[in-house]
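# Fold and geometry: a report
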Amino acid sequence: MSESRKPFPFSQFEPKWQSRWDAENTFRTPNPGEASFDATKPKYYVLDMFPYPSGAGLHVGHPEGYTATDIIGRYKRMRGFNVLHPMGYDSFGLPAEQYAIKTGQHPAITTAANIETFRRQLKSLGFAYDWEREIATTDPEYVRWTQWIFLEIYNSYFCEEANRARPISELEAKGWSREQIDAERLAFVADTPVWWSPDLGTVLANEEVEEWKSKGHTVERRPLRQWMLRITKYAQRLIDELDTLDWPEGIKLLQKNWIGRSEGAEVKFQILNYNFQIEVFTTRPDTLFGATYMVLAPEHPYVPLITTEENKSAVETYQKSISSKSDLDRGDLNKDKSGVFTGAYAVNPVNGEQIPIWIADYVMMGYGTGAIMAVPAHDDRDFEFATKFKLPIRGVIQPKEDWVNLAVKQYLDLSSSIDSVSTYAEEDEIKHRLEHGVWIYDKLAFVQAYTELGVSINSGFLDGLTTAEAKSKMIDWLVSNNQGKRKIQFKLRDWLFSRQRYWGEPFPIIWKDGQHYALPDDQLPLLAPPLDDYKPSGTPDPLLSKATEWVNLPDGFTRETNTMPQWAGSCWYYLRYCDNKNSDRFISKEAESYWTSEKPGMVDLYVGGTEHAVLHLLYARFWHKVLFDLGHVGTPEPFQKLVNQGLILGEDGQKMSKSRGNVVNPDDVVKEYGADSLRLYEMFMGPLEQVKPWQMKGVEGVSRFLARVWRLAITEEGEVSDKVVSEACTDKELSRVVHETIKKVGEDIEKLSFNTAISQMMICTNAFTQAGKVPVKEFIQFLTVLNPFAPHLSEEINEHVTKAFNLPTASLSESVWPMYDEQALVRTECELVVQVNGKLRDRIWMAMDASEDDAKALAFTSEKIKELTEGKELRKVIYVPGKIMNLVVS
RNA sequence: GGCGGUUUGGCGGAAUUGGUAGACGCGCUCGACUCAAAAUCGAGUUCCUUGUGAGUGUGGGUUCGAUUCCCACAGCCGCUACCA
């Protein structure tokens, strides 16, 4: 499109305003202590999830959330807030390193180039960021404080009594040994089975495995020495304190399920002919009388001990077949239950029964104790296993009658359909067996485990109790007989915190004689040395171990060669924005306390995609809580209000992807329609949180709207149109629409309902067009309201108009949000809807405040209404003034 | 399998202390301007068997009145997955 064909000259004025904002530092947010700081202004912290600066540049999903926060930020500024609205880059990560392997280029170089691109793209959209607060997680000064926070975590333990972290020095003061202390640290070293990828040359987090496997990389399970963070200590607080946050309920639930709290009991089973016990975790201690076998995870340490000679080879073969499968395969591909008998028996503590011990891959070593008591009558998985291997099934919960009847019916259907004579004789017998828990484990296709709660049967001292009562009574029995205890189990595991990559923060840790030591603060930041070759060595040694000069220190010390995962930087970046230039602390006390809310969460509004619902948002909460416990921050939570923007799909309604060829590049849209059009379109598509498809025609639509606003005031020659007049507005209807718009747009921004705000501004523009004359006062009010959405266009028009009318030429960015006039909103007349028996029959103009009798009288002047009610009895009249009148007749 | 979200014209969507369903935009139709087209402006646009008609995924319920509240079910999307 040539310049002359453009409906308004955005390609001239957009760069103009962007460079002016840059040069004048318009959106600089002063901190306490700065000259321009105004202590009377309230603070507002609105945050975007910062991007990973990939080589592909910004995609249209980024500006969705970024525009939303930009509108809020600009609006809050106009409302007199000191707004913190920063941007940065989550710049460590595997792709930069993969690129380095291919090209030999240092990741710092490609990362810097990518950041450059992102910054240019972000600036081209006119976001009102305080660019002086920009950070990148790879900046040495940033790395320094990431490492410092790690050491804070390393130097802390979790005090159970206080339910919070405390400095490790307290334990030193108590005279604890080095070994005892290391066992308590919130950052600790453990040998753990991890996912190791030989061709990537690193371990991967569980959640990363699938992604890299799908890209053709291989992964295998290996026990390796790893750094872990003790996030499990915070499991309960991470659940409880969600209630204090203004987050979408779905996200809260996702986190709760991820943490996965379940209440139950740990039960000890004596192993027959051995002098030790195996503990199992169960959420249903009330069904202990129904435990007819035990299952251990194939990796359970007791398996080799208890396996009998004759079962040994089968057990070992099975273990081998399992170790090559991933957890995912174990779940996904292996729907069929498998397992083998160890030859050993356990003793059910409650009835002395000897029950066989099996191993099976449906029991995971990583959850609970890696061993279960199987109650096939009341657990689907156990039931499936028991029927497959013909293990006994005993019902211990009285099933409901309709369940029994259904099962009997299914049995009858089944036996008639296969046309065989039932070996179980009568319907009555089946029914009797089901009711009394005397389950038959042969030909059970007609029945499933009874997993509902109920009343205990066949359970000795529990008989007749409800499930809740029975659970509690059984736990009491276990405790008093020293056979078990109450137990709360979490799914959440400790956080595997080390990677063998190059492009991440090195651990500020050194080793000597198998003992780790913290690097002193004055040696931070510890940066990774440049390497000649970034290729993985093929061994699980971290890449950094290749830099032998860097690794080997005097006096027999060596450096830790693992690096931190990408999450580390994103765990605290919102804190650094508050005080990003501080070289003495990660954030000054003054800055921290100024930007902290009275509410539990520090950041007032956090906008980003759902993909971070658990990991990033859980990790950041965890770090924040540790920092809170140690007195470094004043709130227990990082993010008070969270909003998830919905995914933007391609025009075909599918997820955007290169392979589908439906990717929209924001640069192209800016070039063709301008930044304001892109911003406005992304907000006009639909509700922020909703998934919605892209439509190029929609961009044209909002672009046309902006062009109409432009033409209201500016002629083709670029002069201020003579339609714009200085006289006060005499058009009551126009005045009403303008004030309605001021009101509604403000309310809608507060609700984050940007699409409806825009539609109201369209209505307002149409009203100006209809009116023919554009009163300058009302028009500037409208431009002010439009400014957060389309900052360039509104500023440009405002500049033209204020100059032409010799008005003060303050930029809209420095303006105050206009007040609307209640008087101007008042309507005196309305079109009342008249219904007969609930159906719309007529509309009649009348005074807004007409009395019911007057309104009724007016309604009956209508021919239609007369016709429809003639000769009928008027039973009831419902009258809602200004809205509706319903005449009920019969 | 579990959890969450969602379902309204040809399309994106609007409307909930229950009160005119389809705001606003796209698309389409017609008109004006033009030699013509584009752009722009104006009018119209839920559907049909044009009726005292039907209609917000389907079936029921509450109500003078239901997109909105209740019950049951279904489709689509996302996340998660043998968690004992």
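Here the structure is shown first, and the text comes after it.
Okay, so let's go over this structure.

Rules of the game
- Residues numbered from 1 in each chain as written.
- Chains lettered and ligands numbered in written order.
- Predicted model: local features only at pLDDT ≥ 70, side-chain atom pairs only at ≥ 80, totals over all residues.
- Heavy atoms only, no water.
- Helix = DSSP H or I, 4+ residues; strand = E, 2+ residues; numbered from the N terminus.
- Expected span 1.5 Å × (residues − 1).
- Buried < 20%, exposed > 50% of the residue type's maximum accessible area, 1.4 Å probe, protein only.
- Arc of directions from axis to C-beta.
- Pairing = 2+ DSSP bridges.
- Contact = heavy atoms within 4.5 Å.
- Axes fitted to C-alpha atoms, helices over the stretch in contact; angles between N-to-C directions.
- Near = heavy atom within 4 Å.
- Polar contact = N/O pair within 3.5 Å; in protein donor to acceptor, adjacent residues only side chain to side chain.
- Core = buried A, V, L, I, M, F, W, Y, C linked by side-chain atoms within 4.5 Å.
- Phe/Tyr/Trp six-rings, centres within 6.5 Å; stacked < 30°, edge-to-face > 60°.
- Lys NZ or Arg CZ within 6 Å of the ring centre and 35° of its normal.
- Salt bridge = Lys/Arg side-chain N within 4 Å of Asp/Glu carboxyl O.
- Parallel < 35°, antiparallel > 145°, perpendicular 65-115°, else oblique.
- Nonpolar A, V, L, I, M, F, W, Y, C, P; charged D, E, K, R; others polar.

## Some details on helix α12 (residues 312-323)
- Look at α12: 17 Å from first C-alpha to last across 12 residues, which is about the 16 Å you get at 1.5 Å a residue.
- Of all the positions in α12, only Val315, Tyr318 and Ile322 are classed as buried. Burial along α12 is one-sided: seen end-on, the buried residues are contained in an arc of 65°. α12 presents Ser313, Thr317, Lys320 and Ser323 as exposed residues on the side facing more than 90 degrees away from its buried surface.

## Details of the sheet that holds strand β19 (residues 495-496)
- Strands sit in the order β8-β7-β9-β19 across an open sheet of four strands; the sheet is antiparallel. At either margin of the open sheet sits one strand with a lone partner, and together these are β8 (202-204) and β19.
- Across two bridges, strand β9 (residues 220-229) lies against β19 in antiparallel orientation. In the strand pairing of β19, leucine 229 is matched with tryptophan 495.
- The sheet strands contacting helix α5 (residues 140-154) are β7 (187-197) and β9, and the helix crosses β9 at an angle near 85°.

## What to know about the protein's contact with RNA strand B
- The local shell around RNA strand B holds 52 residues, among which Thr283, Lys337, Arg381, Arg843 and Asn886 are the closest.
- Counting only atoms of RNA strand B within 4 Å of the protein, the fraction found in sugar and phosphate groups is 68%.
- The contact in question runs from a sugar or linking oxygen of RNA strand B to an N or O atom on the side chain of threonine 282, over 3.2 Å.
- Contact distances for RNA strand B include 3.0 Å between a sugar or linking oxygen and a side-chain N or O atom of arginine 711.
- Ranked by the residues each element gives to the surface near RNA strand B, the list is headed by helix α27 (residues 754-771), at seven residues.

## Observations regarding the nonpolar core
- Phe150, Trp623 and Phe789 are the most contacted members of the largest nonpolar core, which has 174 residues in total.
- Once you skip the residues sitting within four places of it in the chain, phenylalanine 789 turns out to touch Ile71, Asp676, Arg679, Leu680, Val745, Ile749, Phe754, Ala757, Ile758 and Met761.
- Core analysis: the next-biggest nonpolar cluster, separate from the first, contains 61 residues, Ala297, Ile397, Leu434 and Val447 among them.

## Regarding the pairing of strand β31 (residues 829-836)
- The buried fraction of β31 is high, at six of eight residues.
- With eight bridges joining them, β31 and strand β32 (residues 839-847) adopt antiparallel strand pairing. By the bridge assignment, glutamate 829 is partnered in β32 with alanine 847.
- Adjacent in sequence and paired antiparallel, β31 and β32 are bridged by two residues, among which asparagine 837 carries a positive phi angle near 50°.

## Some thoughts on the pairing of strand β21 (residues 515-518)
- Strand direction decides the pairing type here: strand β20 (residues 509-512) and β21, joined by four bridges, are antiparallel. Bridge pairing in β21 places tryptophan 511 opposite histidine 516.
- Hairpin connection, β20 to β21: the antiparallel pair is bridged by two residues, and aspartate 513 has positive phi, about 50°.

## Thoughts on unusual backbone geometry
- Omega for the peptide link from leucine 524 to proline 525 comes to 0°, which places this bond in the cis form.
- Not every positive phi belongs to a glycine, and asparagine 273 is a case in point at roughly 70°.
- Within the secondary structure, asparagine 273 sits in the loop between β10 (261-271) and β11 (277-282).
- For asparagine 273, a relative accessible area of 75% gives the class exposed.
- Residue aspartate 555 is not a glycine yet carries a positive backbone phi of 60°.
- Structurally, the position occupied by aspartate 555 is in the loop between α18 (548-551) and β22 (558-559).

## Focus: the packing of aromatic side chains
- If you walk through the whole model with that rule in mind, you get 59 aromatic pairs.
- Between tryptophan 495 and phenylalanine 622, the ring centres sit 6.4 Å apart and the planes meet at 65°, which makes this aromatic pair edge-to-face. You can see tryptophan 495 sitting in strand β19 and its partner phenylalanine 622 sitting in helix α22 (residues 615-629), a full 127 residues away along the chain. Note on accessibility: tryptophan 495 and phenylalanine 622 belong to one class, buried.
- On the basis of an interplanar angle of 45° and a centroid distance of 6.1 Å, the ring pair of phenylalanine 497 and tryptophan 623 is categorised as tilted. Here the residue phenylalanine 497 occupies a position in the loop between β19 and β20, and tryptophan 623 occupies one in helix α22, the gap between them amounting to 126 residues. For the pair phenylalanine 497 and tryptophan 623, a shared accessibility class is recorded, and that class is buried.
- Directly above the ring of tyrosine 44 sits lysine 76, whose terminal nitrogen or CZ lies 4.7 Å from the centroid.

## Things to note about the sheet that holds β21
- Across the sheet, which stays open at both edges, the three strands sit in the order β21-β20-β22 with antiparallel pairing between neighbours. The open sheet has two edge strands, β21 and β22, and neither has a second partner.

## Let's talk about the pattern of salt bridges
- Enumeration according to the criterion identifies 47 salt bridges in this entry.
- Between aspartate 182 and arginine 178 there is a salt bridge whose closest N-O contact spans 3.3 Å. Taken together, the residues span about one helical turn, with aspartate 182 and arginine 178 both in helix α7 (residues 178-182) at a distance of four residues.
- We classify aspartate 182 as buried; its relative accessible area is 15%.
- One salt bridge in this structure joins glutamate 733 and arginine 736, with 3.1 Å as the shortest N-O distance. Pair noted here: glutamate 733 and arginine 736 are both in helix α26 (residues 732-751), with a separation of three residues, about one helical turn.
- Judged by its relative accessible area of 44%, glutamate 733 falls in the partly exposed class.
- Judged by its relative accessible area of 10%, arginine 736 falls in the buried class.
- One network of salt bridges, with partners in common, ties together Arg237, Glu241, Arg621, Lys625, Asp629 and Glu637.

## Examining the packing of helix α25 (residues 696-713) against helix α29 (residues 791-804)
- At a minimum axis distance of 10 Å, the contact between α25 and α29 shows a crossing angle of 5°. Regarding the angle of α25 to α29, the classification is roughly parallel. Across the interface between the two elements, Leu706, Val709, Trp710 and Ala713 from α25 touch Leu793, Glu796, Ile797, His800 and Val801 from α29.
- Counted by class, the contact of α25 with α29 contains seven nonpolar, one polar and one charged residues.

## Details of the environment of arginine 381
- Along the polypeptide, arginine 381 turns up in helix α14 (residues 380-389).
- In this structure the C-alpha to C-alpha distance between arginine 381 and alanine 449, which are 68 residues apart in sequence, comes to 8.7 Å.
- Sequence-distant contacts of arginine 381, defined by excluding residues within four places in its chain, comprise Lys337 and Tyr362.
- There is a polar contact of 2.5 Å between the side chain of arginine 381 and the side chain of aspartate 379.

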